[in-house]
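# Analysis of the macromolecular model
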Amino acid sequence: MRTRIKLLLGGGVAAAFFAATSAFLWPYVVPASTTDRACALDESRLGGFVDIPGGGFMMGVDPVFPEEGPPRKVLVSPFQLQAHEVTNSQFAAFVADTGYVTEAERNGGSARFSESDTPEVFLSWWSLDAGATWRTPDGAGSDLEGRALHPVVHVTLNDAKAYAEWAGGRIPTEVEWEYAASLGLFDPMDPESGVRAPDGGMRANIWTGFFPVFNSRRDGFDGTAPVGCFEPGLTGAYDMIGNVWEWTDTPFAQAVPRFTIKGGSYLCSEDYCRRYRAAARESLEVDFSTAHIGFRIVRSKEGTDEPG
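Looking at the secondary structure, you find P212 in the loop between strand 7 (209-210) and strand 8 (214-215). Separated by 59 residues in sequence, P212 and D271 have C-alpha atoms that sit 9.6 Å apart.

Next up on the list: the sheet that holds strand 1 (residues 49-52). Overall, antiparallel pairing links the three strands, which are arranged 1-4-13 in an open sheet. Here the strands that pair on one side only, and so sit at the sheet edges, are strand 1 and strand 13 (298-300). Direction aside, neighbouring strands of the sheet carry axes that sit 25° apart on average. As paired elements, strand 1 and strand 4 (residues 79-82) share four bridges and run antiparallel to each other. When the sheet's bridge partners are listed, V50 is paired in strand 4 with L81. On top of the sheet, helix 6 (residues 174-183) reaches strand 1, strand 4 and strand 13; it is set at about 75° to strand 4, its chief contact.

Turning to unusual backbone geometry, a few remarks are in order. The peptide bond linking G69 to P70 adopts the cis configuration, its omega dihedral lying at -5°. In this structure, P70 sits in the loop between strand 2 (55-59) and strand 3 (72-76). F211 connects to P212 through a cis peptide bond whose omega is -5°. Residues other than glycine seldom take positive phi values, yet C273 does so here, at roughly 85°. In this fold, C273 is placed in the loop between strand 10 (256-262) and strand 11 (282-285).

Taken as a whole and judged by the stated rule, the model has 15 aromatic pairs. Look at F91 and Y163: their rings are 6.0 Å apart centre to centre, the planes differ by 20°, and that puts the pair in the stacked class. Here F91, found in helix 3 (residues 88-98), pairs with Y163, found in helix 5 (residues 157-167); they are 72 residues apart in sequence, far enough to count as distant. The exposure class of F91 is buried, given its relative accessible area of 0%. Put simply, the rings of F91, F94, Y100, W134, Y163, W166 and F295 pair up and form one aromatic cluster. Between R299 and the ring centre of F49, over which it is positioned, the NZ or CZ distance is 3.7 Å.

Inspection of every chain in the model, using the stated rule, returns two disulfides. A sulfur-sulfur separation of 1.8 Å characterises the disulfide bridge that pairs C39 with C229. Negative torsions about the S-S bond denote left-handed disulfides, and the value of about 70° found for C39 with C229 makes this one right-handed. Taken together, the positions of C39 in the loop between helix 2 (15-25) and strand 1 and C229 in the loop between strand 8 and strand 9 (245-253) put the pair 190 residues apart, joining distant regions of the chain.

Conventions we followed
Every chain is numbered independently, its residues counted from 1 as its sequence is written. Whole-chain, interface and lining totals are the exception, using all residues; otherwise, since this is a predicted model, local features are given only for residues with pLDDT of at least 70 and side-chain atom pairs are given and counted only at 80 or more. For side-chain calculations, the full set of non-hydrogen atoms in the structure is used, while hydrogens and water are omitted. Only runs of H or I of at least four residues qualify as helices and only runs of E of at least two qualify as strands under DSSP, and these elements are numbered from the N terminus. Pairs of strands are assigned from DSSP output, requiring at least two bridges between the strands. Every axis corresponds to a line fitted to the C-alpha atoms, with the helix fit spanning only the stretch in contact, and the corresponding angles, defined between N-to-C directions, vary from 0 to 180 degrees. Residue contacts are counted whenever heavy atoms from the two residues lie within 4.5 Å of one another. What counts as a ring pair is set by centres within 6.5 Å for rings of Phe, Tyr and Trp (its six-membered ring), and what kind of pair is set by the plane angle: stacked under 30 degrees, edge-to-face over 60, tilted for all other angles. Summary of the burial criterion: residues with accessible area below 20% of their type's maximum are buried, those above 50% are exposed, and those between are partly exposed, where the area comes from a 1.4 Å probe applied to protein chains only. Geometrically, a lysine NZ or arginine CZ counts as sitting over a ring once it is within 6 Å of the ring centre and also within 35 degrees of the ring normal. Defined by distance alone, a disulfide is two cysteine sulfur atoms within 2.5 Å.

None of this, on its own, says anything about what the molecule does.
Structure (structure tokens):
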């Protein structure tokens, strides 16, 4: 469990920084919002796909962490990408139709992030909560009221694959995911253009402030946001950057049994993580889930059965 928790966010700031700042910043953390602004996609647009043309691109461009490089040319077949992360309402329809029970429900819960009185202690941010599931994202007693259009979380890669098969799609490969995210960048020369505009306006749901002691919620949210609250990228896809990490169907490394997640989440900040870039990558075991990892699905274009 400790090893899994240490992999959840990746990259970090020195503990000395937390110890020095938490005492005076922690009391001023903005409390969790009880309602989200009305900004989600219209329900009639849920489940839509955007066409991603085939082509070549440089994968791993402008690496920040060692696991992101080196840059290399990759060719990708055309495919269709769901325009948004799979929502609670979509996952609920799958469960209602199939009776599927997620691994968190079967195996004792999921990892949940919470504000801590000792933010300088890494493991105080995360806990394995037996009551945390996709139905109860904040633990026992919570529910999905008002969150139908939020991305589903507390789902493993195995859960995501089961949904994808039911929905007539599949989980994207890391190459496909990064290619689509790169095509969607507002400025191909700026790898962080998916998270903020030139004037500083927010284009994605991340942690704004000093992680983990102060979240200013400058982007409007302190947790997940309903899908579609931020402007879509140039491909028409929403939330490729931020909101929740997204599963891919690509092993992180051949020597370890973990799979790659992409895109960063609402817990990525400028002073911690910085994985809100197309090239950024992290990993997790296929049977483990957290409060900040979701997924979207893809479909191969007719005549291109193989993933890109």
